[in-house]
Structure formats: C-alpha cells, structure tokens
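Geometric and topological summary
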Amino acid sequence: MAKKKFLFVAQEVAPYLPPENISTLGKEVATGIHKRGYEVRTFTPKWGGINERRNQLHEVIRLSGLNVTIDDNDHPLLLKVASLHPTRTQVYFIDNDDFFQKLDSDIDEVGSNRPDNDKRILFFTRSTIETAKKLQWDPAVIHSQGWIAALTPVYLRQLSDSVPFEDSKVVYTVLPDENEVVIDDDFFRRLREDGVKEEFLNAYEGLEKNSGLLHRMAIDNSDGVIFMTEEPDADLLAAVEAKGIPYMRKEEASGNLEAYIEFYDKLSDK
C-alpha cells in the first residue's frame, strides 16, 4: 500500500531556528508523522537567522527562478533544500532577498513587526504552491501552521489554478502570536489582484488587519483546525464550530503525535 503524502507548510522548524516552542513543534510534526507512515515534505521560509552552511542548505536550481509579481515589482524565488534529521525528510526553504533577510529592526526571529508582512505572506504562499505543483506533489493532507502560512488554505480553495490540490484535506494550526502581526491597508487589493474573488473578501471588510484576520481567513478555508494557544480565541473557535469542522485543542495535541495521526487519517479517509 502506497504511503499517504503529507505537505507541511510550517512557520518555523527546528533546528534551523532556535528550538523555541513553535520551531520545535514544526520539527516534531514533520518527523513524527514520517515515522508513522506518511511521506512528508516541508516548506518553510528561509528566515535570515538560518545559517545555510551549518544546516547544509543548497539551492535547487531547476525549481528556482519563479518571479512573483507584487505591486508591479518582480520578486525572484530562490529555493533551497535540506534534510531534516533523523528521518532525512526534505525541507524546502522559500527565500528572497527582499523579504527574508534579517534586519536590525526585527523584534523576533521571523520579523513579525515588519510593515511589509502581507507582501512576505503573498510571496511565501505563491512560491510554495507553485513549487509543490512543479514537484507534482499530490498530498492527502496539507497542513499549514502560523501567520506566514495562513493564506495557503485561502489560495488552495479560492483560486481556480489550485486544481491539483482539490482532493487534499487542508489543516490549519493557530499558533500563539507573541506579537500582533500588522497587515498593510492594501492587503485586500493585493489579494484581488491575485484573483481572490470580491464576494469572499467582503466577509472580512471592517475587521482589524492583524494576525486574527489571517487566522480567520485560514480557518474559513480549512477542513480541520488545531489550536496551539493556551485558550482558543472565542471568535475563532466560534468560526470553527459554525463551520462544523473537526478541531483539537492544545491539551489534546501537545506531545501527542498519535492524536495528530488520528486527526489526519479521519480527514483523508473521508
């Protein structure tokens, strides 16, 4: 029997970033489900704090070179890859000099305080989906985690050119945001220019443009949700329950890879 394929779109993965709670979670999910029978590939930003030489990253020339146009400016993709030990699952790093270099003004490893966060999210999302298409990767489950990956469910479900993934089940993890991620006022305009329909975006007009908005948009386009916050935000939890999709709380998911496997299997077997 062929292994189920699993695409993990992770905000942070240890050991490439310091082993904080979020990056450690990224590693545990990727390596844990691989050991339990899934064929896994991980996509994550190549944050400026990641040491390429120490972590043995190398560029994938045949998959690099995609130009992502945002506000009439072309931003080239540099795709790099490494193997995550001990399972040697492949981790693909989305890189671009405009968005992922480390700045002195960054308040955390991922620069969540930057004013161009929506552009960074758009670049990461479009680069990830287009690269997965080139790899002809048809995962049973696509799991995106955190604000940088929040548009992955949206683009998979709202754009017609994501047909290769129409049978994939989409899971989203709400991570605890130590800092509110501020989104530019032109966020919706940029989504429209990418092809996201007006009737979808109308539901979010008037909401504050921050990480809460990103989480809500991701939830509304997912088949399952995992809350890794100490207590789920009441509005986000209400959105999940109104949609009638399965979800797990932090106390169920923390350190319990079997719960993840059961969650994925139930979704992919539907």
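As a reminder, the structure under discussion sits directly above these lines.
Let me sum up the structure you'll find in this document.

Criteria and thresholds
Residues numbered from 1 in each chain as written. Predicted model: local features only at pLDDT ≥ 70, side-chain atom pairs only at ≥ 80, totals over all residues. Heavy atoms only, no water. Buried < 20%, exposed > 50% of the residue type's maximum accessible area, 1.4 Å probe, protein only. Helix = DSSP H or I, 4+ residues; strand = E, 2+ residues; numbered from the N terminus. Arc of directions from axis to C-beta. Contact = heavy atoms within 4.5 Å. Pairing = 2+ DSSP bridges. Salt bridge = Lys/Arg side-chain N within 4 Å of Asp/Glu carboxyl O.

**Digging into helix 4 (residues 187-194)**
For an α-helix the count is 3.6 residues per turn, leaving residues at separations of three or four pointing the same way. Of all the residues in helix 4, the buried ones are Phe187, Phe188, Arg190 and Leu191. Buried residues along helix 4 cover an arc of 160° about the axis, so they all sit on one side. Close packing links the buried residues of helix 4 with strand 4 (67-70), helix 2 (117-134), helix 3 (151-158), helix 5 (198-201) and helix 6 (211-219). Following helix 4 by one or two positions, Gly195 has its phi on the positive side, about 110°.

**Some remarks on unusual backbone geometry**
In terms of backbone geometry, most residues other than glycine have negative phi values and most peptide bonds are trans. A cis geometry characterises the amide bond from Ala14 onward to Pro15, with omega recorded as 5°. Within the secondary structure, Pro15 sits in the loop between strand 1 (4-10) and helix 1 (21-35). Residue Pro86 follows His85 across a cis peptide bond; omega there is 5°. Mapping Pro86 onto the fold places it in the loop between strand 6 (78-84) and strand 7 (89-95).

**Some words on the sheet that holds strand 7**
Taken in spatial order, the 9 strands of this open sheet run 3-6-7-2-1-8-9-10-11, and their pairing is mixed. Pairing within the sheet leaves two strands with one partner each, and these edge strands are strand 3 (58-59) and strand 11 (247-248). Direction of pairing for strand 3 relative to strand 6: antiparallel, over a ladder of 2 bridges. Residue pairing across strands places Glu59 opposite Lys80, the latter belonging to strand 6.

**Some details on the pattern of salt bridges**
Summed over all chains, the structure comprises 23 salt bridges. For Lys102, the salt bridge identified is with Glu109, shortest N-O distance 3.8 Å. In this structure, Glu198 engages Arg192 in a salt bridge whose closest nitrogen and oxygen atoms are separated by 2.6 Å. Through salt bridges with shared partners, a single ionic network connects Asp71, Asp118, Lys119, Asp184, Asp186, Arg189, Arg190 and Glu193.

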